[in-house]
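For reference, the chains in residue letters:
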Amino acid sequence: MSGLSTVGVSGEWPFAPTRQSLAGRAAAWVTRGMFGMFGDPPNIPNIPPLSYGGRPAPSFPVTIVANAWRPFGLRADPYFQEALAPDADADHPTTLFVGREEELRLLGSQIVGATSSRAVVQGPYGVGKTSFVNRLKTLVAEHGVLTHADPVRVTGDMTSQGFTAEVLRALTQVRASQRAATAGTTASADVPAAAAATEPPEAAAFWRRLGRLLEGEDLVGGGVSLAGVGASVTRGRIAAERREVSLYPELEQAVAYLAGAGTRPPGGIIGGTGRPASSVGARATAHRAAAAPRGRVLIHVNNFENLTRADTARAAGLVQDLRDYFLIPHSHWVFVGAANLETDVFRASAAVSGIVPIVADLPPLSLDEVAALLARRYERLRLGLRFVHPVAPEAVAELYRRYDGDLRNFLRLLSNAVQRAPVAERPAPLAARAAVQTMAPVYRRTLVRQLGEVDAGHLAALVEGGAPGMRVRSADVMARTGLAKASVTDLLGRLEAKGAIRHDATEGRSTYYRLHPDVEVAFALS
């Protein structure tokens, strides 16, 4: 690999102006990145043999720390990135949630006060959308709203039948949780009476048939000989039914049963058996349904933000095909995705745009809210009276501004930096510069694996001498890399597709891009 012998002087990037080829420059950058930000690559000593002088080679002890957070007075990592869970007994419950009061009030009032509803929750990646919805679930559950723990995930190749089947699987989980929660209890004013009563036979038959439809069924049989001295057991399985027809009736009936809305399914079908209801029986069932308290079922749908542009267009068509499903009484749908979810999916068709009246745009948390969030986590995880901030409060503010509201990757940086920083006898809060310098080599190695050596080298040349928040355009790339215009366009496309840069703005004839914050850390921009 040419250029390895011409790495720049210590303290300089290997891309100081030279006649070195692009391939050589990329190779030099990768070599430098593997061994530290500054200075020439060190001489690597020979690896000792497995035995030395007839004796085993000396071993180097490795110390495993059971809890890296204990020196700070904490029992666990306060910078975890997992979504908060609705379960109060979870490791990360929604009681740790901070902010979004107005959005919670808006969506919660709609769910509790309407027969059915649809809402979109959108915002930038990592802003905390899943935790927001889980907090919403916790609040509306206090008003008798039923929901499921894991969201229904939309995929690019999903059909109407496939989507409905996933929703029905989620509803079977709701039923299981509902029955477990109400076992041995009585109905309250906020819980549908049907939830606490014995399940009617037609309802039990419906859920059994639904399980067979979705998952199949295991059968166990047996027999005893006439003499009573022998027995046999036979096992079999009924495969899941393959249906190309609509699952709308099953979905409407499942929601109705969960909501305690009576046993009369749509179209006069009793218990999903396909048998028409008699007029007298139908009227009696309808009367019982009208007299029973009405429950609500919240259905959480996400993964829109992970779809490609082509898959997003298909998702818009899927939503249009399922429009009537989203209007089923007692069903309340919350769709979660990126900041353009409303425009790209729910406003793409006039037939759908009118059924989503509420859109909750989640902006990044403010610095004060982030401080309150961390304070709540510290308090929950404290071991005793002695406590030291793992990251200095002023460093938290500086690094959060760098991540521009991307809470998830911001917390990931703090968590990794604290655990990788040298262990001091007396722990002290980590400064922002120390956090970046600690993680820069790690993030550089990841960047090289993600982009490849050549594109990573081009990016290194582009950001040399830059600062956090810097913007770049095609002309800058051409000037710094020496690539032709067509090659620059291809390079920017690859970098954007792999998340290293993102479109920032178009001003006149120039398109500007910003570096991903992790890339800024990789180059230790400051």
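Quick notes on the rules
Residues numbered from 1 in each chain as written. Predicted model: local features only at pLDDT ≥ 70, side-chain atom pairs only at ≥ 80, totals over all residues. Heavy atoms only, no water. Helix = DSSP H or I, 4+ residues; strand = E, 2+ residues; numbered from the N terminus. Buried < 20%, exposed > 50% of the residue type's maximum accessible area, 1.4 Å probe, protein only. Contact = heavy atoms within 4.5 Å. Areas by Shrake-Rupley, 256 points an atom, 1.4 Å probe, with all protein chains shown as cover. 1 Å grid on protein atoms, 1.4 Å probe; cavity = no way out; pocket = protein on both sides within 12 Å on 5 of 7 lines; lining within 4 Å. Points joined across faces, edges and corners; volume = space filled by probe spheres on them. Nonpolar A, V, L, I, M, F, W, Y, C, P; charged D, E, K, R; others polar. pLDDT = per-residue confidence, 0-100. Pairing = 2+ DSSP bridges. Right-handed = clockwise from strand over helix to strand, strands pointing away. Salt bridge = Lys/Arg side-chain N within 4 Å of Asp/Glu carboxyl O. Core = buried A, V, L, I, M, F, W, Y, C linked by side-chain atoms within 4.5 Å. Axes fitted to C-alpha atoms, helices over the stretch in contact; angles between N-to-C directions. Parallel < 35°, antiparallel > 145°, perpendicular 65-115°, else oblique. Left-handed = near helix turned anticlockwise from the far one by under 90°.

Enquirer: Please clarify how the overall build of the protein should be interpreted in this entry.
Expert: Assigned secondary structure in the protein consists of 19 helices and 13 strands. Each of the 526 residues in the protein was classed as buried or not, and the buried ones make up 44%. Within the protein, counting contacts between residues at least 6 apart in sequence, those at least 24 apart form 71% of the total. Per element, the accessible surface of the protein, about 27100 Å² overall, is 54% carbon and sulfur.

Enquirer: Teacher, can you tell me more about the layout of surface pockets here?
Expert: Where empty space is left in the structure can be found by rolling a water-sized probe over the atoms. Counted as a void, the largest pocket has a volume near 1200 Å³. Every residue lining the largest pocket is counted, 31 residues in all, and those nearest its centre are Pro124, Tyr125, Glu305, Ala338 and Arg502. Elements supplying a minimum of two residues to the lining of the largest pocket: α9 (309-321), α10 (341-346), α18 (485-497) and β12 (501-507). Among the residues forming the lining of the largest pocket, the class breakdown is 13 nonpolar, 10 polar and 8 charged.

Enquirer: How do you make sense of the confidence of the model for the protein when you look at a structure like this?
Expert: Should the pLDDT be low somewhere, the predicted coordinates at that spot are not to be read in detail. When the pLDDT values of the protein are averaged, the result is 78; 72% of them are 70 or greater. Every residue in residues 34-52 scores below 50 in pLDDT, and together they form 29 contacts with partners more than four places removed in sequence or on other chains. Every residue in residues 263-293 is under pLDDT 50, and counting partners more than four places away or in other chains gives 39 contacts.

Enquirer: Got a minute to help me understand the side chain of Thr94 in this structure?
Expert: Relative to the helices and strands, Thr94 is located in the loop between β2 (55-56) and α2 (101-113). Classification of Thr94 as buried rests on a relative accessible area of 2%. Aside from chain neighbours lying at most four places away, what touches Thr94 is Leu84, Ala85, Pro86, Asn134, Arg135 and Thr138.

Enquirer: Which parts of the structure should I look at to understand the pairing of strand β9 (residues 331-337)?
Expert: Most of β9 is tucked away: 7 of the 7 residues are buried. In β9, alternate side chains face the same way, and those of Ser331, Trp333, Phe335 and Gly337 on one face and His332, Val334 and Val336 on the other are all buried. Pairing analysis gives 5 bridges linking strand β8 (residues 296-302) to β9, with the strands arranged parallel. Paired with His300 across the strands is Val334, a residue of β9. Running through α9, the crossover from β8 to the neighbouring parallel element β9 is right-handed.

Enquirer: Would you explain helix α16 (residues 453-463) in this entry?
Expert: For an α-helix the count is 3.6 residues per turn, leaving residues at separations of three or four pointing the same way. Summarising burial for α16: 9 of the 11 residues are buried, a large majority. Those residues of α16 that sit buried are Asp455, Ala456, Gly457, His458, Leu459, Ala460, Ala461, Leu462 and Val463.

Enquirer: Please clarify how the pattern of salt bridges should be interpreted in this entry.
Expert: For side chains of opposite charge, pairing can occur when their charged atoms come near one another. For the coordinates displayed, the defined rule picks out 15 salt bridges. Beyond isolated ion pairs, a larger network of salt bridges with shared partners links Arg471, Asp504, Glu507 and Arg514.

Enquirer: Looking at this model, I keep getting lost on the nonpolar core. Mind explaining?
Expert: A general trend in soluble globular proteins is that nonpolar side chains are found buried together. The biggest cluster of nonpolar side chains holds 61 residues, and the ones touching the most others in it are Tyr79, Phe410 and Leu459. Top element by residues in this core is helix α15 (residues 432-451). It accounts for 10 residues. Setting aside its immediate chain neighbours within four residues, Phe410 contacts Val370, Val396, Leu399, Tyr400 and Tyr403. One finds Val152, Ala170, Leu171 and Leu251 within the second-largest nonpolar core, a separate group that totals 44 residues.

Enquirer: Just to check I follow, could you spell out the packing of α15 against α16 for this structure?
Expert: Any two packed helices are characterised by how steeply their axes cross, that is the angle between the axes, and by the distance between the axes. Running from N to C, α15 and α16 point in directions that differ by 125°, and their axes come no closer than 6 Å. In terms of orientation, α15 and α16 fall into the oblique class. Considering only the axes of α15 and α16, their crossing is right-handed. Across from Leu447, Val448 and Leu451 in α15, the residues of α16 making contact are Glu453, Asp455, Ala456 and Leu459. Taken together, the residues that form the contact of α15 with α16 break down as 5 nonpolar, no polar and 2 charged.

Enquirer: Help me understand empty space enclosed by the protein in this model?
Expert: Across all of its chains, the model carries 2 cavities of 30 Å³ or more by this definition. Considered as a void within the structure, the largest cavity measures approximately 50 Å³ in volume. Taken together, Val154, Phe163, Val301, Phe304, Ala315, Leu318, Val319, Leu322, Phe326 and Phe335 make up the lining of the largest cavity. For the lining of the largest cavity, the element with the most residues is α9, which contributes 3 residues.

Enquirer: Quick question: what am I supposed to make of the pairing of β8 here?
Expert: Burial of β8 is extensive: 6 of the 7 residues sit out of reach of the surface. Examined bridge by bridge, strand β4 (residues 145-146) and β8 share 2 bridges and lie parallel to one another. Within β8, the position partnered with Leu146 by the bridge is Val297. By the bridge criterion, 2 bridges tie strand β5 (residues 152-153) to β8 in an arrangement that is parallel. Each residue of the ladder has a partner; that of Arg153, found in β8, is Asn302.

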